[in-house]
Amino acid sequence: MRSTSLPDVNLRGKVADVPGPRHAFLLLLLMVCGFLVVGQLYITIPLVPDVAGQFAIAPERAAFIGSAFGCAYAIGFLVFGPLSDHYGRRRLILFGLSATALATLLVSWAQSFEMLLASRAVQGVVAAAFPPAALSLIAEELPPAQRSFGVSLMSFAFLGAAPLAQVLADGTDAGLSGIMLRLAPLYLITAIALAFVIRAGNGRTEQAGSLRGHLTSLLRNTGIFTAWGAAVTVLFGFVSLHAGAQALGDRLGVDLQTLRLVGLPPLLLTFAAAPLTRRHGASFTARLGLTLAGLALALAVVATSWAVMAASMVLSAGVAFAVPGLIATVAGHATNANRGLALAIYTFSLFIGASLASPVAQALAQIGIATLWLLPAGLLLMAAFGITVNAWL
């Protein structure tokens, strides 16, 4: 069976060494930024009824405030991933956070639903500069023994943003505009802090070959290609549970804040993903996570309160393994010259799934609970099967 890992990581090595002060502060800042950036995808889920009322539109249409950000965010990865390979991780991270601060102000000033969608799309595009550059920075800045741990920290930040952002939005009466006004300065503050922490020498990288050549080599790698396909299903299933529960409302009989919070502790399993990957390989970690996530959504179809709560916990555990497992698979198969592009397409796939989930869940909730959650469950289990087959080829 073939296994992969982050570059230069010894799969049979010991638990990662504790990061030094600069690396620890760098990881802390990157985690905060990861929450602030990725949280924008989820923060609008509880606000859909308010936006629908504010602009006198149907909730199904209001749900596109999440998709506008998510689709633009995903497409932005295809632009900024290669640019981070060419111009350097530091420049792209600082640009992305600064531009996101300005775009977040635009969202807060939107006076019509069309303006809101447009500003959310702009916000999504510029925010996309952060994740692929940050993940590549971890692979290149941290010593080899600490890279899996660094990826686990970032994975937790990206995934923890889902419940925490929803809890934040649902727990304040500031509305979408007020929330965005409060968040905008935070992007700028973290950008300034990172400017002092990331090494100034982390600039333009030397590349051999053309973008087309790098893409061709990636498409020929079945491990990377399969991981890209599996990534589409991960957040599609994750968001489908929460957006579907939001759409079902009282019919489900579950407190939504409790549903979000019970799914947060299992996300800490991202830290177990690193030693699991070192021992068994990245593909094992990825397919374990995909399988757990698929089974969790199948459990949710039972539709009792305990079943849905249990599904939320198991789903979070599955995603906590799947995301770092897939990142390690992609990063391990890629080279220094094309890693930014490989991770950009991975994150594109991941968040395309997330951005499509909310409107799809709104529509499927009108048909029935079985259709709502069995569809993403089936996709996740198919992805797990694909990863398994590729690992044994």
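Preceding this section is the structure that the text describes.
All values derive from a computational prediction rather than experimental measurement.

Phi is positive for Ala-56, which is not a glycine, with a value near 55°. As for its placement among the helices and strands, Ala-56 is situated in the loop between helix 2 (48-55) and helix 3 (59-62). Classification of Ala-56 as exposed rests on a relative accessible area of 70%. Here Ala-303, not a glycine, exhibits a phi torsion of approximately 70°, which is positive. Position of Ala-303 relative to the elements: it lies in the loop between helix 14 (282-300) and helix 15 (305-333).

In this section: the packing of helix 1 (residues 21-42) against helix 7 (residues 130-141). It is the contact of helix 1 with helix 7, at a shortest axis distance of 11 Å, that shows an interaxial angle of 160°. Considering the angle they form, helix 1 stands roughly antiparallel to helix 7. Crossing of helix 1 against helix 7: the hand is left-handed. Listed contacts from helix 7 to Arg-22, His-23, Leu-26, Leu-27, Leu-30, Cys-33, Gly-34 and Val-37 of helix 1 are Phe-130, Ala-134, Leu-137, Ile-138 and Glu-141. Here the contact of helix 1 with helix 7 is composed, by residue class, of nine nonpolar, two polar and two charged.

In this structure, Leu-30, Tyr-42, Ile-93, Phe-130, Leu-194, Leu-235 and Phe-351 are the most contacted members of the largest nonpolar core, which totals 126 residues. Looking at this core, the element that brings in the most residues is helix 11 (residues 222-248), giving 15 residues. Residues within four places of Ile-93 in sequence aside, it is in contact with Leu-30, Phe-130, Ala-133, Ala-134, Leu-137, Leu-194 and Ile-198.

It is worth spelling out the packing of aromatic side chains at this point. One pass over the full model with this rule turns up nine aromatic pairs. Where Phe-69 meets Tyr-73, the ring centres are 5.1 Å apart and the plane angle is 25°; that geometry is what we call stacked. Taken as a pair, Phe-69 and Tyr-73 lie in helix 4 (residues 64-87) at a separation of four residues, close to a single helical turn. Between Phe-80 and Phe-95, the aromatic rings sit 5.9 Å apart at their centres with planes inclined by 45°, giving tilted as the arrangement. Of the two residues, Phe-80 sits in helix 4 while Phe-95 sits in helix 5 (residues 89-109), which places them 15 residues apart along the sequence.

The terminal C-alpha atoms of helix 7 lie 16 Å apart, and with 12 residues this matches the ideal 16 Å at 1.5 Å per residue to within 8%. Taken together, the buried positions of helix 7 are Phe-130, Pro-131, Pro-132, Ala-133, Ala-134, Leu-135, Ser-136, Leu-137, Ile-138, Ala-139 and Glu-141.

The rules behind the values
Residues numbered from 1 in each chain as written. Predicted model: local features only at pLDDT ≥ 70, side-chain atom pairs only at ≥ 80, totals over all residues. Heavy atoms only, no water. Helix = DSSP H or I, 4+ residues; strand = E, 2+ residues; numbered from the N terminus. Buried < 20%, exposed > 50% of the residue type's maximum accessible area, 1.4 Å probe, protein only. Axes fitted to C-alpha atoms, helices over the stretch in contact; angles between N-to-C directions. Parallel < 35°, antiparallel > 145°, perpendicular 65-115°, else oblique. Left-handed = near helix turned anticlockwise from the far one by under 90°. Contact = heavy atoms within 4.5 Å. Nonpolar A, V, L, I, M, F, W, Y, C, P; charged D, E, K, R; others polar. Core = buried A, V, L, I, M, F, W, Y, C linked by side-chain atoms within 4.5 Å. Phe/Tyr/Trp six-rings, centres within 6.5 Å; stacked < 30°, edge-to-face > 60°. Expected span 1.5 Å × (residues − 1).

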